[in-house]
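So you can see what is in the structure, the chains are spelled out below.
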Amino acid sequence: MIKDRILTVDQMIACERRSEELGVPASELMAAAGEKLAGHILSETMADGQPDTPEVVILAGKGNNGGDGMVAANHLFRSGISVRVVLCCGNPATETAHGAFEKLNKSIEVMFYDGDTTHAWAKAISESTIVVDCIFGTGFSGEIGRELQPLFIHLNTYARRVIACDIPSGVDARSGQAGVLAVTADITVTMHAKKLGMLLSPAKYFCGKVIVDDIGIPAAANTGDPLMENEIYAKASMLSDEQLGKKFLTSRKPWAHKGTFGKLVCVCGSDRYVGAAGISATAALRMGVGLVEVCSTENVVRSLSANLYECIFSTMKSDDSGCMTSDNAEEILSRLEDAKALLVGCGLGHTPETEKLVAELVEKSPVPVILDADGINSLVPNIDVLLKKKSTVILTPHPGELAKLCGVSQEEVLSDRLRYAYGLSKKYGITIVSKSSETIVCCADRTEVITAGNTALSKGGSGDMLAGMIASLTAQTKRSSLINCILACMVMGRCAEVLSTKRSERGILTRDILAYMPFFLKHLESGEE
Ligand SMILES: NC(=O)C1=CN([C@@H]2O[C@H](COP(=O)(O)OP(=O)(O)OC[C@H]3O[C@@H](n4cnc5c(N)ncnc54)[C@H](OP(=O)(O)O)[C@@H]3O)[C@@H](O)[C@H]2O)[C@@H](O)CC1
Ligand SMILES: [K+]
């Protein structure tokens, strides 16, 4: 079993393949999976409120998830539990599952699902005290077909207690996608390690309590395959505020001056998007940077300087589109001489000129560059300029921007977001902060899934805020981008969560979160829960 680490479906398949090479075949893994599953079902039959004579029904699909279920049925039968099996998709289709079916104790009643809810399979579901969902595991993708819909509706409506094997059926273990008919489990017993999809929305809301158990995959099987190089964790989201503060916040020396905390240059804003530049600059200041210089169009500078007293403003040349032009690059680069980070993109607008500007800044910046929003869109046509970068680059794309960066549809990105984020990070040696309801940060073979946050952040402005926070931390410290991105995501997510305890997520604005940030940081510094 891998503790803490999360696996993608492809990594799990690689583990299985390596396990086979190391002398532990799939049939042995299935035997262990079924035995462990049976153990957890047995414990559940003894839980408070369960009847003295429990009845269990195993719903088995035709893949190996169904095979696990048949092994579990034998163990339950031997333990004296009344158990029945429903074959939901016909006979087993894999060799291993077929082997398990052959070994199914002949005294166990086997029924076939046929879509008719007046038949025995349906009664078995509604009469049983525990329904074990082994219909689909990690091999599921797409939609639940029409022929199986009565099964899923019946199960979700009438099953008293549902234990899912590996992952609830109908949930995509790769992407975290799940249709409304996916099985809503009370408990999910997952094998060897949590699968990525179980941490992502909406899948995570279908899993119930997740138990990870060992199935005897040798430790050496966790290495030796290139797919295993990317180590995925969700450690920060599990930390208490006290631990988060202790682990991630750096101390501020009392004798520090503004130079100690770095200067950040923001190339943000356009005549149409004034607010984005203001939000990102404010977020950077709230996160503790020493100095912020905003380089923007005349209109943006005029609007923001009336309120944002703490920033320095530099007026850049712009064209009829209201966006900055590429001949500002030299001026901006000269302003980076005493800077520690460069933020490009919040409200930048996207024109042929911004494309040239972004390419030149990415190529020539001597300090780390954080690219967000139209900074990312403007980079797309010249993405290979990343191969010429002189400094660290952090990209903070939402799924649409990630799709453009990878040259695929948004739907394709959403079917395996981590694969695209990691692939991009690896190809260009950059950090990717793939934003969504759960944010995935990929940096040099280390991935962190951030689950903090809520729908208070599902509004225009949140992305600008996050980019400003990441840029601020980057300007202040020489720590790895991974740490800075994790801290920024966690602080933003937790601020939204704490604010939402007293106010509706609907009405919380970016400015409320920005105003609350120093209070939350104080709470982290104090180390109190
Ligand atoms: N990896 C390991 O180390 C170990 C893995 N183990 C277990 O194996 C499980 C993975 O098994 P698996 O790969 O056989 O796939 P599984 O989820 O049973 O089902 C695939 C079937 O579903 C079908 N299907 C797919 N989508 C569909 C749709 N939309 N609508 C309808 N049908 C759809 C698909 O059909 P196809 O697309 O091929 O026609 C195929 O027939 C894993 O979760 C764990 O429980 C353990 O035994 C121990 C070690
Ligand atoms: K399942």
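Since this is a predicted model, take the numbers as computed values, not measurements.

*Asks:* Honestly, the UniProt feature "domain: YjeF C-terminal" (unreviewed entry) in the chain in this entry has me stumped. Any pointers?
*Replies:* In the numbering adopted here, UniProt assigns the feature "domain: YjeF C-terminal" (unreviewed entry) to residues 241-524. Along residues 241-524, the helical share is 46% and the strand share 14%, with 6 Å between the first and last C-alpha atoms.

*Asks:* Where do I start with the domain arrangement of the chain in this structure?
*Replies:* Each assigned domain of the chain is listed here: domain 1 (6-225) and domain 2 (236-249 + 258-526). Averaged C-alpha coordinates put domain 1 and domain 2 at centres separated by 42 Å. The partner domain 2 presents nine residues to the ten residues of domain 1 that form the contact. When domain 1 packs against domain 2, close to 820 Å² is buried across both sides, 59% of that on carbon and sulfur atoms. Per-residue buried area on domain 1 facing domain 2 is highest for Leu196, Leu199 and Leu200; these three make up 40% of the total on that side. Run the count over domain 1 and domain 2 and you get two salt bridges. With its nearest N and O atoms 2.9 Å apart, the salt bridge here joins Lys204 to Glu438. Seen at the junction of domain 1 and domain 2, the total is three residue pairs in polar contact (both at pLDDT 80 or more). Taken together, the residues of the side of domain 1 that touches domain 2 break down into three nonpolar, four polar and three charged.

*Asks:* Would you take a moment to explain the site of ligand 1 for this structure?
*Replies:* Looking at ligand 1, there are 19 residues lining it, with Asp68, Gly137, Ser141, Glu143 and Asp166 nearest. In the environment of ligand 1, an oxygen atom lies 2.9 Å from a nitrogen or oxygen atom belonging to the backbone of Gly139. Take Glu143: an N or O atom from its main chain is 2.7 Å from a nitrogen atom of ligand 1. Protein chains bury 74% of the 940 Å² of accessible surface belonging to ligand 1 in isolation. Broken down by secondary-structure element, the contributors of at least two residues to the shell around ligand 1 are α1 (9-21), α2 (26-45) and α3 (64-78). When residues of the shell around ligand 1 are assigned to their parent elements, the largest contribution, three residues, is made by α3. Looking at the shell around ligand 1 residue by residue, the classes come out as six nonpolar, eight polar and five charged.

*Asks:* In this structure, what is going on with the environment of Val491? I would like to understand it.
*Replies:* Mapped onto the fold, Val491 is located in helix α17 (residues 481-499). Each C-alpha atom, one on Val491 and one on Val289, is 15 Å from the other, the two residues being 202 residues apart in sequence. For Val491, the residues in contact, after removing those within four places along its chain, are Met287, Met469, Met517, Phe520, Leu521 and Leu524.

Conventions adopted
Residues numbered from 1 in each chain as written. Chains lettered and ligands numbered in written order. Predicted model: local features only at pLDDT ≥ 70, side-chain atom pairs only at ≥ 80, totals over all residues. Heavy atoms only, no water. UniProt positions renumbered as here; feature names shortened; annotations may be inferred. Helix = DSSP H or I, 4+ residues; strand = E, 2+ residues; numbered from the N terminus. Domains from an automatic or database assignment. Contact = heavy atoms within 4.5 Å. Buried area = accessible area lost by both parts, 1.4 Å probe. Salt bridge = Lys/Arg side-chain N within 4 Å of Asp/Glu carboxyl O. Polar contact = N/O pair within 3.5 Å; in protein donor to acceptor, adjacent residues only side chain to side chain. Nonpolar A, V, L, I, M, F, W, Y, C, P; charged D, E, K, R; others polar. Near = heavy atom within 4 Å. Areas by Shrake-Rupley, 256 points an atom, 1.4 Å probe, with all protein chains shown as cover.

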